[in-house]
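Tertiary structure, described
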Amino acid sequence: MNTSATPKARYDAVVVGARVAGAATARLLARAGLRVLVVDRGRRGSDTLSTLALMRAGVMQLHRWGVLERLVAGGTPPIRRTTFHYGSEPVRVDIKDRDGVDALFAPRRTLLDVVLADAAVESGAQVLYGATVREILRGPTGRVQGVLVTDAVGRRHRVEADLVIGADGARSTVGSAVGARVLCAGKHRGAYVYSYWQGLELDGTHWHYAPGVAAGAIPTNEGLACVFVGMPPNRFRVRPGVSLDGLFQQVVWDCHPGLARALHAARRVGKPYAFAGREGFLRQPWGEGWALVGDAACFKDPITAHGMTDALRDAELLARAVTRGATGALVDYQAERDAFAVEFLELSDRIASFDWDLDHLQVLHHRLSRLMARECECVRDFDTSQHASMREAADRTGGCRPLTSPVAVAV
Ligand SMILES: Cc1cc2nc3c(=O)[nH]c(=O)nc-3n(C[C@H](O)[C@H](O)[C@H](O)COP(=O)(O)OP(=O)(O)OC[C@H]3O[C@@H](n4cnc5c(N)ncnc54)[C@H](O)[C@@H]3O)c2cc1C
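Criteria and thresholds
- Residues numbered from 1 in each chain as written.
- Predicted model: local features only at pLDDT ≥ 70, side-chain atom pairs only at ≥ 80, totals over all residues.
- Heavy atoms only, no water.
- Near = heavy atom within 4 Å.
- Polar contact = N/O pair within 3.5 Å; in protein donor to acceptor, adjacent residues only side chain to side chain.
- Areas by Shrake-Rupley, 256 points an atom, 1.4 Å probe, with all protein chains shown as cover.
- Helix = DSSP H or I, 4+ residues; strand = E, 2+ residues; numbered from the N terminus.
- Nonpolar A, V, L, I, M, F, W, Y, C, P; charged D, E, K, R; others polar.
- Pairing = 2+ DSSP bridges.
- Axes fitted to C-alpha atoms, helices over the stretch in contact; angles between N-to-C directions.
- Contact = heavy atoms within 4.5 Å.
- Parallel < 35°, antiparallel > 145°, perpendicular 65-115°, else oblique.
- Left-handed = near helix turned anticlockwise from the far one by under 90°.
- Expected span 1.5 Å × (residues − 1).
- Buried < 20%, exposed > 50% of the residue type's maximum accessible area, 1.4 Å probe, protein only.
- Arc of directions from axis to C-beta.
- Disulfide = S-S within 2.5 Å.
- Phe/Tyr/Trp six-rings, centres within 6.5 Å; stacked < 30°, edge-to-face > 60°.
- Lys NZ or Arg CZ within 6 Å of the ring centre and 35° of its normal.

**Quick notes on the site of the ligand**
- Taken together, 31 residues surround the ligand, and among them Asp 40, Thr 51, Ala 53, Asp 295 and Met 308 come closest.
- Between the ligand and Ala 21 there is a distance of 3.0 Å, counted from an oxygen atom to a backbone nitrogen or oxygen.
- For the ligand, a nitrogen atom lies 2.9 Å from a polar atom in the backbone of Val 133.
- Here the ligand loses 92% of its free accessible area of 1,000 Å² to cover by the protein chains.
- Those elements giving two or more residues to the shell around the ligand turn out to be helix 1 (20-31), strand 2 (36-40), strand 6 (132-138) and helix 9 (307-324).
- Its residues placed into classes, the shell around the ligand shows 14 nonpolar, 11 polar and 6 charged.

**Looking at the sheet that holds strand 4 (residues 89-94)**
- Reading across from one edge, 4-3-11-12-13-10-14 is the order of the 7 strands in this open sheet, with mixed pairing throughout. The open sheet has two edge strands, strand 4 and strand 14 (267-275), and neither has a second partner. In this sheet, neighbouring strand axes are inclined to one another by 15° on average, regardless of whether the strands run parallel or antiparallel.
- Two elements, strand 10 (residues 191-198) and strand 14, share 6 bridges in a ladder whose sense is antiparallel. Paired with Tyr 192 across the bridge in strand 14 is Phe 275.

**Let's talk about the environment of Arg 235**
- The topology assignment puts Arg 235 in helix 6 (residues 233-236).
- Along the chain, Arg 235 and Pro 257 lie 22 residues apart, while their C-alpha atoms are 18 Å from each other.
- In this structure Arg 235 touches Val 213, Leu 247, Gln 250, Val 251 and Asp 254, once residues within four positions along its chain are discounted.

**Some points on the sheet that holds strand 18 (residues 298-299)**
- The strand order 9-15-18 describes an open sheet built from 3 strands, whose pairing is antiparallel. Two strands lie at the open edges of the sheet, namely strand 9 (182-185) and strand 18, each paired on one side alone.
- Taken together, the 2 bridges between strand 15 (residues 281-283) and strand 18 define a ladder with antiparallel strand orientation. Following the sheet pairing, Phe 281 is matched in strand 18 by Phe 299.

**Considering the packing of helix 2 (residues 56-64) against helix 9**
- In contact at an axis separation of 8 Å, helix 2 and helix 9 are set at 55° when each is read in the N-to-C sense. In terms of orientation, helix 2 lies oblique with respect to helix 9. The handedness of the crossing between helix 2 and helix 9 comes out as left-handed. Side by side, helix 2 and helix 9 meet where Ala 57, Gly 58, Gln 61, Leu 62 and Arg 64 of the first sit next to Thr 309, Leu 312, Arg 313 and Glu 316 of the second.

**A word on helix 7 (residues 244-255)**
- Its 12 residues place the ends of helix 7 16 Å apart at the C-alpha level, agreeing with the 16 Å of an ideal helix rising 1.5 Å per residue.
- If you check which residues of helix 7 are buried, you get Leu 247, Phe 248, Val 251, Val 252 and Cys 255. Looking straight down helix 7, one finds that the buried residues subtend no more than 135° of arc, so they occupy a single side.
- The secondary structure elements touched by the buried residues of helix 7 are strand 10, strand 11 (205-210), strand 12 (213-219), strand 13 (224-231), helix 6 and helix 8 (257-264).

**Points about the state of the cysteines**
- In this structure the tally under the stated criterion is 0 disulfides.
- There is no disulfide at Cys 298, and the cysteine sulfur nearest it, in Cys 184, is 9.0 Å away.
- Classification of Cys 298 by relative accessible area gives buried; the value is 3%.
- Just so you know, Cys 378 is unpaired, no disulfide at all, and the nearest cysteine sulfur is the one on Cys 376, 9.3 Å from it.

**A closer look at helix 4 (residues 109-122)**
- Between its first and last C-alpha atoms helix 4 spans 19 Å; for 14 residues at 1.5 Å apiece the expected length is 20 Å, and the two agree.
- For helix 4, the buried fraction is high: 11 of the 14 residues fall into the buried class.
- Of all the residues in helix 4, the buried ones are Arg 109, Leu 112, Asp 113, Val 114, Val 115, Leu 116, Ala 117, Asp 118, Ala 119, Ala 120 and Val 121.
- On its buried face, helix 4 sits against helix 1, helix 2, helix 3 (68-73), strand 5 (126-129) and helix 9.
- Of the residues one or two after helix 4, Gly 124 is the one with positive phi, at around 115°.

**As for the packing of aromatic side chains**
- Across all of its chains, the model carries 11 aromatic pairs by this definition.
- On the numbers, 6.0 Å between centres and 15° between planes, the contact of Trp 197 with Phe 248 is stacked. Residue Trp 197 is found in strand 10, and its partner Phe 248 is found in helix 7; the two are separated by 51 residues along the sequence. In terms of burial, Trp 197 and Phe 248 fall into one category: buried.
- Taken together, the aromatic side chains of Phe 84, Tyr 86, Tyr 209, Phe 354 and Trp 356 make up a single cluster linked through ring pairs.
- Note that Arg 108 overlies the ring of Tyr 196, its terminal NZ or CZ placed 3.9 Å from the centroid.

In structure tokens:
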């Protein structure tokens, strides 16, 4: 395995960020024969904020890459049913056996991100943890030509590359350094509190909605369930005498008393985690010598639990564009990404407003479901190397429509 702690002076591509987007992109590029360095300032196996749910398109890719079987071997339980509760009205959806996938999964990030990074290393990429990119190198024409990396012991390395890929999350250093424009921005953000629970018997994933609040229970590794609540920011404000856990319990009661009672009989493992929220955005994902993927390029409110699935899909769109190498390939990457990302952003933003009644929410969920079906078609096309449906989809949407005004603001 290529786990050398010192980077070389030159690569075909440097990927900043070794989680879902970065590790997946690096794996695909390395398999295509490119010399790839991945750097991440974090620790291998460290956790990150996430309620873990992967959607079908992402699971299909992980299955095709041979990564899914490692997640299963790591104790990730299959999820064969998902139930939406609109108030007291349950809508059950059994997961179909199709494309080699008969279940969904919600692996802990401490497992998923490591398995993907290991797959990148096995494909020939070099992965460096504890290494931070602080600066982008540019040539005389302004084209991005590499990065300056500070490694875990403080040594600075100048690393040149034909392409610098920012897979470095919503606060992307690469995106800021290259001045990637925000093309669309959301108007709303939800706030989320979640924790892990033992002893909660689940027959799959449960998503609960009541006016102004949401909750969910998602089975994950080690017999635990990730249970979250979502609310508008004004409800998240910590009030005197109300702890994070107290807020969590109140919102669960308001959303679904049955879940609250079930939690009463279960045991919380570890502390509660909180995310105060951030409005979604879609950034320009490429320029001279650089590209962005994952949350760095497209961040959505987590209410639709689609960030990782987006990151995996866009990793493959980007890797295919890069390895096609033709002029305009990155233009295609943007068009193909926007064919999905714009509508996912719009729907996530609407749902994150918490300004819906349950009938309207179901309409939004039906739109999401149709979009996800189209996304599965595209991921299926990756297998057969056909891009037709993606190109058609891109042509249909006509690219990025602004959600707010002004349309474009500098990052
Ligand atoms: C509360 C919450 C719940 C969520 N729940 C879900 C869910 O259920 N399902 C789902 O699909 N998505 C969910 N998401 C979204 C999901 O977590 C993200 O979409 C996903 O993590 C994006 O992956 P990424 O690889 O693009 O970026 P990240 O996971 O943000 O990884 C970026 C990496 O880049 C590294 N990095 C950053 N800057 C530098 C630098 N300068 N130098 C070196 N390294 C750097 C960081 O250390 C980090 O490891 C949730 C998000 C939140 C906040």
